[in-house]
Amino acid sequence: MTTALFYILGFTMLAATLLCITRRNPVHAVIYLVAGLFALALMFYLLGAPLVAAWQVIVYAGAIMVLFLFIIMMLGLAPQEVPEGPGWQRWGPLVLLSSSIMICTVLLILQDPLAGKQIGDFYLAPQILGEALFSRYALAVEIVSFQLLFATIGAYMLGRPLPKGEDQ
Amino acid sequence: MIPFGHALAFAGALFVLGLTCVLLHRQILMILIGVEIMLNGASLVFVAASAYWRQVDGQVFAILLMAVTAAEVAVALAMVVYLWRRKRTLVADEFNGMHG
């Protein structure tokens, strides 16, 4: 049951992401990405990470994607199509790079160098995760909080009104 | 029971899709979305490894990665708004000058 769910969620996630990256309209792309992130959150839950799954839904699918949607709608990008995509000449290197990496991934799955390495039943209670986060990894939490503070200051600096004459 | 290799394969495929999105699009917002997809692939590797080795560390790093991503998105979207105000366009090719 767990295994079947894992594969269904995995292919749902890949399909939603594929639809996301091929959209021309940014709003559609973000909506598909939210669907993919929900599938990923359920995969986290299956892999025994309920707290990470909850935060994936709250922070990623909730806050970050809404921020994207907010910017798209504030700038009025939704009805406007992206200028015509790159021609076949420009697609060549892209297709070559992506397909070679993808073929390597498929070959690795078929060859299966990790044969028999199964992820057993695992469930990490949020309490244990929180204790680790604030004891062994307290320094990392402090550094990340500093980074969030710097990001706030940086966003404020970038959001200041432009000097006169530089705004078109 | 989930094969560890297949969890890694899903994460790798997600990363490649994100890379494709970065290379395919010329609009800055779509490039940012591609970066988001790649970061999600990375966090799937962290969580799967955490479940495989039955350690807490991978999940801690997945959460830290989420916080780092939130910071990155805040600055990057502020930059998107700044670039839009400068040139009224978000096509990455338009921003090719370095004059202050």
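Above: the structure in question.
The structure contained in this document is the topic of the report that follows. The model shown is predicted, which means the values in this text are computed figures rather than measured ones.

### Re the overall build of chain A
Move 1: When helices and strands are tallied, chain A shows 6 helices and 1 strand.
Move 2: Residues classed as buried in chain A amount to 22% of the 168 residues present.
Move 3: The long-range share in chain A, meaning contacts at least 24 apart out of those at least 6 apart in sequence, stands at 56%.

### What to know about the interface of chain A and chain B
How big an interface is tends to be stated in terms of accessible area lost as the parts join.
Move 1: Each partner contributes residues to the interface: chain A has 65 residues there, and chain B has 59 residues.
Move 2: Listed by contribution, the elements that provide at least two residues to the side of chain A that touches chain B are α1 (2-22), α2 (26-46), α3 (50-74), α4 (88-111), β1 (118-119), α5 (126-134) and α6 (138-159) of chain A.
Move 3: The class makeup of the residues in the side of chain A that touches chain B is 48 nonpolar, 14 polar and 3 charged.
Move 4: Of the pairings in the sheet, the one linking β1(A) to strand β1 (residues 2-3) of chain B comprises 2 bridges and is antiparallel in character. Bridge assignment links Q118(A) to a residue of β1(B), and that residue is P3(B).

### Regarding the packing of α2(A) against α3(A)
Residue and element names in this part refer to chain A.
Move 1: In the contact formed by α2 and α3, the axes pass within 8 Å of each other and the chain directions differ by 175°. Between α2 and α3, the interaxial angle falls into the category roughly antiparallel. Residues P26, V27, V30, L33, V34, L37, F38, L40, A41, L42, F44 and Y45 of α2 touch α3, and the partners they reach there are P50, V52, A53, Q56, V57, Y60, A61, M65, F68, L69 and I72.
Move 2: Looking at the contact of α2 with α3 residue by residue, the classes come out as 22 nonpolar, 1 polar and no charged.

### A word on the nonpolar core
Move 1: Membership of the largest hydrophobic core comes to 69 residues, with the highest contact counts inside it found for F44(A), V47(B) and A48(B).
Move 2: Of all the secondary-structure elements, those providing two or more residues to this core are α1, α2 and α3 of chain A together with α1 (4-24), α2 (28-53) and α3 (57-87) of chain B.
Move 3: Per-element tally for this core: the top contributor is α2(B), with 13 residues.
Move 4: Beyond its immediate chain neighbours, meaning those up to four positions away, V47(B) contacts F44(A), L47(A), A49(A), V52(A), G58(B), Q59(B) and A62(B).

### What to know about the environment of T89(B)
Move 1: With respect to the helices, strands and loops of the structure, T89(B) is situated in the segment after α3.
Move 2: On a C-alpha basis, the gap between T89(B) and I37(B) in space is 24 Å, while along the polypeptide they are 52 residues apart.

Conventions used here
- Residues numbered from 1 in each chain as written.
- Chains lettered and ligands numbered in written order.
- Predicted model: local features only at pLDDT ≥ 70, side-chain atom pairs only at ≥ 80, totals over all residues.
- Helix = DSSP H or I, 4+ residues; strand = E, 2+ residues; numbered from the N terminus.
- Buried ≥ 20, exposed ≤ 12 C-beta atoms within 10 Å, placed from the backbone.
- Contact = placed C-beta atoms within 7 Å.
- Nonpolar A, V, L, I, M, F, W, Y, C, P; charged D, E, K, R; others polar.
- Pairing = 2+ DSSP bridges.
- Axes fitted to C-alpha atoms, helices over the stretch in contact; angles between N-to-C directions.
- Parallel < 35°, antiparallel > 145°, perpendicular 65-115°, else oblique.
- Core = buried A, V, L, I, M, F, W, Y, C linked by C-beta atoms within 7 Å.

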